[in-house]
Amino acid sequence: MSKLDLEVDFYESANPVWNPALLTIPVPGIRKMVNLAATMEDVIHLSIGQPDIPAPPHVIEAVVEALRAGQTGYTMDAGLPELLEALADYYGERSGRSITAENILITTGATEALYLAITAVSAPGREFIVVDPSFMLYAPLIRMNGGEVREVPTRVENNHQLDPQDVFDAITPNTHAIVLNSPSNPTGTVYPRETIEQIVQEAAYRGIYIISDEVYDHLIYDDIDYASVLSCCSDLDHVMVISSFSKTFSMAGMRIGWMIASQGAIKKLRRYHMFTTTVANTPCQWGGVAALRGDNSFIDEMVATYQKRRDRLIELVALTPQLSGYKPEGAFYMFPSLPEGVNGSNVALRLLRETGVCTIAGDTFGDSCSNALRISYATSITQIERAFERIIPWMEKQDFN
Ligand SMILES: Cc1ncc(COP(=O)(O)O)c(C=O)c1O
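Residues numbered from 1 in each chain as written. Predicted model: local features only at pLDDT ≥ 70, side-chain atom pairs only at ≥ 80, totals over all residues.

**Examining the overall build of the protein chain**
Of the regular secondary structure elements, the protein chain holds 13 helices and 12 strands. Here the protein chain has a C-alpha radius of gyration of 21 Å; the compact-globule value for 401 residues is 21 Å, and the two agree. Summarising its shape, the C-alpha atoms of the protein chain cover approximately 60 × 50 × 50 Å along the three principal directions. Taking all 401 residues of the protein chain together, 44% fall into the buried category. Partitioning the intrachain contacts of the protein chain with sequence separation of at least 6 by distance along the chain shows that 76% fall at a separation of at least 24. (Helix = DSSP H or I, 4+ residues; strand = E, 2+ residues; numbered from the N terminus. Rg over C-alpha atoms; globule rule 2.2 N^0.38 Å. Buried ≥ 20, exposed ≤ 12 C-beta atoms within 10 Å, placed from the backbone. Contact = placed C-beta atoms within 7 Å.)

**Comments concerning the packing of helix α4 (residues 81-95) against helix α10 (residues 282-293)**
In contact at an axis separation of 9 Å, α4 and α10 are set at 30° when each is read in the N-to-C sense. Taken together, the axes of α4 and α10 are roughly parallel relative to one another. Between α4 and α10 lies a crossing whose hand is left-handed. Residues Glu-82, Leu-83, Ala-86, Leu-87 and Tyr-90 of α4 touch α10, and the partners they reach there are Gln-285, Gly-288, Val-289, Leu-292 and Arg-293. Class assignment for the residues of the contact of α4 with α10 results in six nonpolar, two polar and two charged. (Axes fitted to C-alpha atoms, helices over the stretch in contact; angles between N-to-C directions. Parallel < 35°, antiparallel > 145°, perpendicular 65-115°, else oblique. Left-handed = near helix turned anticlockwise from the far one by under 90°. Nonpolar A, V, L, I, M, F, W, Y, C, P; charged D, E, K, R; others polar.)

**Some words on the sheet that holds strand β9 (residues 333-334)**
The three strands lie next to each other as β9-β12-β11, forming an open sheet whose pairing is antiparallel. Either end of the sheet is taken by a strand with one partner, and the two such strands are β9 and β11 (360-361). Pairing of β11 with strand β12 (residues 373-376) involves two bridges; the strand directions are antiparallel. By the bridge assignment for β12, Ala-361 is matched with Leu-373. (Pairing = 2+ DSSP bridges.)

**Quick notes on the domain arrangement of the protein chain**
Here the protein chain is described as being made up of domain 1 (3-54 + 298-395) and domain 2 (74-293). For domain 1 and domain 2, the distance between their C-alpha centres works out to 24 Å. Elements with a minimum of two residues in the side of domain 1 that touches domain 2: α11 (297-318) and β9. The element best represented in the side of domain 1 that touches domain 2 is α11, accounting for five residues. (Domains from an automatic or database assignment.)

**Notes on the packing of helix α12 (residues 344-355) against helix α13 (residues 381-396)**
It is the contact of α12 with α13, at a shortest axis distance of 11 Å, that shows an interaxial angle of 115°. The crossing of α12 and α13 is right-handed. For the pair formed by α12 and α13, the contact residues are Leu-351, Glu-354 and Thr-355 on the first element and Arg-390, Ile-391 and Trp-394 on the second. Residues that form the contact of α12 with α13 fall into these classes: three nonpolar, one polar and two charged.

**Here we look at unusual backbone geometry**
Residue Pro-133 is bonded to the preceding Asp-132 through a cis peptide linkage, with omega at 10°. Within the secondary structure layout, Pro-133 lies in the loop between β3 (127-132) and α6 (138-144). A cis amide bond links Ser-182 with the next residue in sequence, Pro-183, at an omega value of -10°. Here Pro-183 lies in the loop between β5 (175-181) and α8 (193-206). Even without glycine at this site, Arg-255 takes up a positive phi of about 60°. Along the chain, Arg-255 falls in the loop between β7 (239-244) and β8 (256-260). Under the C-beta neighbour-count criterion, Arg-255 is labelled partly exposed, with 19 such atoms within 10 Å. If you check the backbone angles, Gln-322 has positive phi at about 80° while not being a glycine. By the element assignment, Gln-322 lies in the loop between α11 and β9.

**Considering the nonpolar core**
Within the largest apolar cluster, 113 residues are counted, with the highest numbers of intra-cluster contacts made by Ile-106, Ile-178, Ile-210, Val-229, Met-240 and Met-259. It is helix α5 (residues 109-121) that contributes the most residues to this core, seven residues altogether. The two domains that each donate at least three residues to this core are domain 1 (3-54 + 298-395) and domain 2 (74-293). Discounting residues that sit within four places of it in the chain, Val-229 has contacts with Leu-180, Ile-196, Val-200, Ile-210, Ser-212, Val-239 and Val-241. (Core = buried A, V, L, I, M, F, W, Y, C linked by C-beta atoms within 7 Å.)

**Quick look at the site of the ligand**
The immediate surroundings of the ligand are formed by 13 residues, with Gly-109, Ala-110, Thr-111, Ser-244 and Ser-246 found nearest. With three residues, α5 is the single largest residue contributor to the shell around the ligand. Classifying every residue of the shell around the ligand gives four nonpolar, eight polar and one charged. (Near = placed C-beta within 6 Å.)

Following this line, the structure appears as structure tokens:
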């Protein structure tokens, strides 16, 4: 049995040894493609969900220094006090509101913060509004704990923008929380301030929680305004804002993220955090202090690099038959559509097998976009151009009707 079969077997198996809740975890579409790509030669990846730019040298130095200085033990449960203070200052300045160390919990990447936030509030009978398509962690974590997902679809024709009215229409008396992610993975869409304000205000009025995943909050192009939920809410009573160093500082493998919420919520989740990962990686938390307190010209350079790649990708998608693109304004993804009714999963698989270009099928991110492909531009312009030298002639030959 191949490694790929084993993975599929694990997730689909009804073997009684496993908690049936594990069945809510889908066969990971990304893994499937990347594992297949690993068996092939000369693959060009447009599939990668992490920065290809190295972490800033002063961050790496700080981690090494921390290790040499013997910073190898546990930190306080909420996180390293120096990092909590640095984050409080940074968010205070960015959001224009007072954030204290007691509003913050340091976690093992944004992934742990999402896990804590969602699993701590999901329960049978509770509904969660999730945009479709969205990052693949949210819905399974909700369902694993008995909650129900109500999907609000977004469309390529509208640049995958979220219409607040669609969110309001999805609210029922059982709605417990709304999950937001701007800029979005997989669409790269950035929601304008009016969208965030309207949703946050309505949610506050109805006592519904907002869980906002803001890991791409610095990857914003064309100098547009970025509206964090933190800058749109009147208090923190019903919001949990989650982010990490993974994307902004190219520190994905260092696994440092955080949650910002009311002091009461943080107090509760600190205990839960102790029962999951205890504390986050200590030397890498020192790397985080260096990232926040040190020179951050790195971010502007990185944003300029991604923006150039995004612009080139928009041109290349426009030249590709069968693909409808748009202008994503953040993160490093585009989510172009194939013609209505075309199975994106088959196309992604054939594209990989027949041209060696690895993309991710739309259905990895929800049911409403099975005719889409996620293209990541966390790779060089040369690689993006080489990939389209293969994609365009291949698409020209396809007759999907
Ligand atoms: C939208 C989104 N949220 C969260 C994460 C996880 O981030 P972290 O590396 O901080 O766990 C990712 C990673 O790809 C992501 O795309």
